[in-house]
Structure formats: C-alpha cells, structure tokens
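A closer look at the structure
Here is how the chains run, residue by residue.
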Amino acid sequence: MSAANQVPDPFTLVIFGASGDLTRRKLVPAVFSLFCEGLLPEKFSIVGFARREKSDDTFREEMHEAVKTFARVQPIDESRWREFARNVHYHQSTFEDTSGYRSLKQRLESLAGQSNAPCNCLFYLATQPTQFPLIVEQLEKSEFTRSDSSERRWSRVIIEKPFGRDLDSARRLNEQVKAAFDEEQIYRIDHYLGKETVQNILVLRFANSIFEPIWNQKHVDHVQITVSETVGMEGRGKYYEQAGALRDMVQNHMMHLLCLVAMESPNSLDAGAVRDEKVKVLRALRPIPPVCAVNGVVRAQYTQGTCLGEDVSGYRQEDGVSADSNTETYVAFKAFIDNWRWSGVPFYLRTGKRLPARVTEIGIHFKSVPQVLFNTDPAAPMLPNLLALRIQPNEAISLRFQVKEPGPGMHIRPLKMDFGYADGFGKEPPEAYERLLLDVARGDATLFTRSDEVEAAWEFLTPVIEGCAGWGGGLPTYAAGTWGPKEADDLIAADGREWHLMRRRTGKGAEAFEIE
Ligand code: BG6
C-alpha cells in the first residue's frame, strides 16, 4: 500500500462519461476534497469527456453545484473552489469519433505544455460497461496507452464495475483491455476497497496478536456478511434489471469482504502479495453448481412497503423495470472455503435493497462455551462471543462477551465493548473514492482488482447465476422495509443459527436491529 504522504506526479484525469451521476456525485467531489487536503500535486487537471455540447464554464458550473451538494466537507470553501475550477475542463466528443480523441490529445498536450508538466494521464471509464471496449480501443489507436519510463510519463486506466456479466464476458473484456494496456496500467475499481473500515480488516487481523490465533475453524463457528441497503432503484432500474443483487453486490463488494476476512497473511503489503492471497481464497471457495444454486441460494424481490417511514413502491413498479421481472433485489446464501483454516465453517452472505437499515457488517461468531458451569440451561443457551466489524455507517468494531450482572445472584448477560471511528479519531473517515483516486495517481494497485481475481470471482458465481436463471418459478418476495424473505431466515435456521441483524428492534439508528 502506498506511502501515506507521497504526493503524486502531475497528472490529468480524463473522465469518460462526464455527464453521468458518478462524476457528479463521487469523482469530482473526491478530487476536490483531495485538493483541499493538499494531497494533489501543484499541477493537475480534470477533463470531462462526454457527447453533449457544453463549454468549459458550463461544465465547471455543473461541477460547482455537484461539489456543493456532495463534497465530504461542507460548506465548501468558495475561494478554494475558484482555484480548483481553473483546472477543470470539458471535451465534447462521442466515444466512437476518432477525431475526438485526436483533438483530446492536442488538448492534453497543450494543458501539460502550459504548466510545463509531463503528460501523465489517468483515464477513468465511468460509462456504460458496453462502451469500455470501444473507448479502450480508441485510446490505443490514438496512442494514449503507452507509459514511458524514460520520460517519466505514465498512462493508466480505471475501469468501473461491473467488469463483465459472467466468466466469459469478463475474460473477453480482460483480453480487450490487456491488448491495449499492461496489467500494471489497469485499475479495476471497486469502491468498497477504498472504505477505511474495509482496509482496517487487515490491520485488525495482522497488526494485533490476539485475533489471529483464534481466526480459524477451531474457534470460529461461522461468519456472517451483511450488506443491507434502504435505497431502491434511484433511477437505475434499467441497469439493475440486467444485473440483480448477485452481479451488482455479491460478485464484487461482498467477494472482496469475504477475501479480506478469510485470507492468509500476505508476506508484504505489495499489491502482488495482497492480491495473491485474495485469489487463493476465491479459488478455495466450494463450487455451487447450478443445480444446487436453485435450492440453496435464496433470491427475492421487494414489493411495496414502508421504508424509513416512507411509503415506497415495489421493484416491479420502479422505472425501467419490467412488470414481470424475475431480477433479484435480495440474495442470501451459504459458502464454504475448503482450506485448512476454514474447513467446515459456513460463511453466510446476504444483501438486499429496501431493507430497514443501511448497514454493512461482518460478524465473526465464535464457538459457544461448553454446556457446563454458566451455560447449563439448554433452553436458554448463552450467546457466544461475537466480533462485529461495522463497515458502515457508524464505522466501528464491537466485541460481545458475557459479564456478571452486579448483585447478589449469579446473573450473566452479554455486553458489548465498542470502538467507534468517529469517537476514536474525532472525525469521519474519508470517502472511498478519495483514497482510490489518489492511489491510482501514485501508481499503487493494492486496492484494485487484478485480472485473475475478477475471473476467479466470476468462476465461482457464474454457475450460481446460471442455476438461478434456469429457475422457472416465481421469486419469493418481501415487503420493502422488512429484513428480506422468510426463506433467508429458514436458510440459516436450518443450521440452528440466526441472522445477527434482524427483526427485533432494540434501539435507535444503526443499532436498531440487533438481536441482543
Ligand atoms: C454500487 C451498487 O456498486 O454500490 C449499488 O451498484 C449500491 O447498487 C452501492 O447501492 C452501494 O455502495 P455504498 O458505498 O453506498 O455501500
């Protein structure tokens, strides 16, 4: 991982799909935050590349509004914005038009010339995935893809998810991109890896001596990974119809979480070493053949309901969604990692839209103590230890353990020891895109997905998706604002366990749904 304070070389960030939501909500606000924190080189520029006609000034005005709405630190410092805006430009062209790339080249050279800086380029593909091959091909044709170490000039490409829609298409896309760029120039982005708490998984595991000895099948009963969202389609129905929860969340974000929790210690923090260990986890996942996916993987769709106090429509009523859609908005399943460390330990994964709370949490559920001494009542077994890594919101780590209630009898109850990021450090962690964009500018690929990693994740999930696609019946449903279908509870109950965050409401905010 990169040296914390290293300022990158001067560079130009070219964003393809500059009129899109990602640019407005995430990318430009992230670059602005980096600028305000003094983490960018003195010479940098942003060039928005998109097909709509617009002037530099109009684009700057749009980005100004975006930053005022979405930048992490509010209100923004207007004088800093004016300095920043001088570096923001717009280039109009379609993605097909070769002359648009030629004029882009002249423009980048002239921007670099004006500031007397080498023409280092970072191309961000924030378009529809179907456009990725075309843009990469055009970049190659226009000779944008060469990094030249003698001139200390580099060229890098960032590719948004989804990277393919199954194993074959991911392989094809890898081939297309690798025909133009070397693997070291390719940054397949997954914003989950930029989240502070996700990076902290490795620190927790490998910078502390107390966890690693118990992080295995001898002590861990099972692991739960929950990514629960309250949002519905937010205008993305057309995209989501083609994706579903398995492609949208599981193949990427959840697989990364699983890898970081389960991997062996890498021998260094080099991008290669870390990614080697992640790939080993993916390769050790027990395959779920199509015929098993049909019954073993719970998929469901939300119907009309009340979410966060608001009446919301069902998935099939969302814009861009077919009235008889069979796309899943919820998925839950059990996975096994067939290696020495995790043999026999189930990993339960679930994710869904329109659930009652926005929570991403990894729960390491330890084995119960023996049924003697304090744990003798089979009708009321003691809750085992739980180490919960709250990825978002209210980023935290909490450990549940049993204590004696003060007083004459021997009453025992579970308590939690919490570490909250906001309390511990007095500030909110930075946005994932800030960290990731800075890493690409510094040339550090540790937090990006390598080609074999993306293919290994697809190798595991493609049979699951194929099995589910072959399912002729209707999908189970759940009312928006509830914790998913009964089938998901049955899945884990069949093993004598229950989901950690679930129906019982015990408090407020993100803590509202714990069992105890
Ligand atoms: C995106 C998915 O990758 O991640 C969205 O396409 C999802 O459907 C989003 O809502 C969740 O990201 P976060 O950071 O809000 O958890």
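Attention here is on the structure that accompanies the text. The structure presented is a predicted model; accordingly, all values stated were derived computationally and were not measured.

Okay, empty space enclosed by the protein next. In this structure the tally under the stated criterion is four cavities of 30 Å³ or more. By volume, the largest cavity is sized at about 170 Å³. Forming the walls of the largest cavity are 20 residues, and the residues nearest its centre are Gln-251, Asn-252, His-256, Thr-449 and Val-454. Where the lining of the largest cavity is concerned, the elements lending two or more residues are helix 8 (237–262) and helix 13 (451–469). Residue composition of the lining of the largest cavity, by class: ten nonpolar, five polar and five charged.

The full count for this structure, using the stated rule, is 31 salt bridges. The salt bridge involving Lys-178 is made with Glu-183; its shortest N-O contact spans 3.9 Å. Owing to a relative accessible area of 39%, Lys-178 belongs among the partly exposed residues under this scheme. For Arg-341, the salt bridge identified is with Glu-212, shortest N-O distance 2.8 Å. In this pair, Arg-341 is assigned in the loop between strand 11 (330–336) and strand 12 (346–352) and Glu-212 in the loop between helix 7 (196–206) and strand 7 (220–228), connecting sequence segments 129 residues apart. Members of the salt-bridge network, linked through shared partners, are Arg-205, Glu-212, Glu-264 and Arg-341.

Attention now goes to the sheet that holds strand 11. Spatially, nine strands are ordered 16-15-14-13-7-12-11-8-17 in an open sheet, and the strand pairing comes out mixed. Two strands lie at the open edges of the sheet, namely strand 16 (412–420) and strand 17 (477–479), each paired on one side alone. Each strand axis lies, on average, 20 degrees off the axis of its neighbour in the sheet, ignoring direction. Looking at chain direction, strand 15 (residues 396–404) and strand 16 are connected through nine bridges and run antiparallel.

Moving on, we come to the nonpolar core. With 151 residues, the main nonpolar core has Phe-16, Phe-84, Tyr-124, Met-255, Phe-333, Phe-347 and Ile-362 as its most contacted residues. Per element, the largest residue contribution to this core is 13 residues, and it comes from helix 8. Apart from the residues lying within four places of it in its own chain, the contact partners of Phe-84 are Val-28, Val-31, Phe-32, Phe-35, Phe-44 and Ile-46.

Where helix 8 meets helix 13, the axes come as close as 10 Å, and the angle between the chain directions of the two elements is 140 degrees. Compared by their axis directions, helix 8 and helix 13 come out oblique. In terms of crossing hand, the pair formed by helix 8 and helix 13 is right-handed. On helix 13, the residues touching Leu-246, Arg-247, Val-250, Gln-251, Met-255 and His-256 of helix 8 are Glu-453, Val-454, Ala-457, Trp-458, Phe-460, Leu-461, Val-464, Ile-465 and Cys-468. Residue classes in the contact of helix 8 with helix 13 are distributed as eleven nonpolar, two polar and two charged.

Moving on, we get to helix 3 (residues 78–85). What helix 3 keeps buried is the set Trp-81, Phe-84 and Ala-85. Around the axis of helix 3, the buried residues are gathered within 95 degrees of arc, so they sit on the same side. Where helix 3 is buried, its residues touch helix 1 (21–36), strand 2 (44–50), helix 2 (56–70) and strand 3 (88–92).

Our next topic: a nonpolar patch on the surface. Among the surface-exposed residues, Val-372, Leu-373, Phe-374 and Met-410 lie close enough to one another that they form a single nonpolar patch of about 460 Å² accessible area. Given a relative accessible area of 47%, Phe-374 falls into the partly exposed group.

Structurally, Gly-473 can be placed in the loop between helix 13 and strand 17. Judged by its relative accessible area of 26%, Gly-473 falls in the partly exposed class. In this structure the C-alpha to C-alpha distance between Gly-473 and Arg-172, which are 301 residues apart in sequence, comes to 32 Å.

On to the pairing of strand 5 (residues 155–159). Along strand 5, five of the five residues are buried, which leaves the element largely enclosed by surrounding structure. Burial along strand 5 is two-sided: the residues Ser-155, Val-157 and Ile-159 and Arg-156 and Ile-158 are all buried. Pairing geometry for strand 4 (residues 121–125) and strand 5, over five bridges, is parallel. Directly across from Cys-121, in strand 5, lies its bridge partner Ser-155.

Calculation rules
- Residues numbered from 1 in each chain as written.
- Predicted model: local features only at pLDDT ≥ 70, side-chain atom pairs only at ≥ 80, totals over all residues.
- Heavy atoms only, no water.
- 1 Å grid on protein atoms, 1.4 Å probe; cavity = no way out; pocket = protein on both sides within 12 Å on 5 of 7 lines; lining within 4 Å.
- Points joined across faces, edges and corners; volume = space filled by probe spheres on them.
- Helix = DSSP H or I, 4+ residues; strand = E, 2+ residues; numbered from the N terminus.
- Nonpolar A, V, L, I, M, F, W, Y, C, P; charged D, E, K, R; others polar.
- Salt bridge = Lys/Arg side-chain N within 4 Å of Asp/Glu carboxyl O.
- Buried < 20%, exposed > 50% of the residue type's maximum accessible area, 1.4 Å probe, protein only.
- Pairing = 2+ DSSP bridges.
- Axes fitted to C-alpha atoms, helices over the stretch in contact; angles between N-to-C directions.
- Core = buried A, V, L, I, M, F, W, Y, C linked by side-chain atoms within 4.5 Å.
- Contact = heavy atoms within 4.5 Å.
- Parallel < 35°, antiparallel > 145°, perpendicular 65-115°, else oblique.
- Left-handed = near helix turned anticlockwise from the far one by under 90°.
- Arc of directions from axis to C-beta.
- Patch = residues over 30% accessible without salt bridge, like charges linked within 9 Å, V, L, I, M, F, W, Y side chains within 5 Å.
- Areas by Shrake-Rupley, 256 points an atom, 1.4 Å probe, with all protein chains shown as cover.

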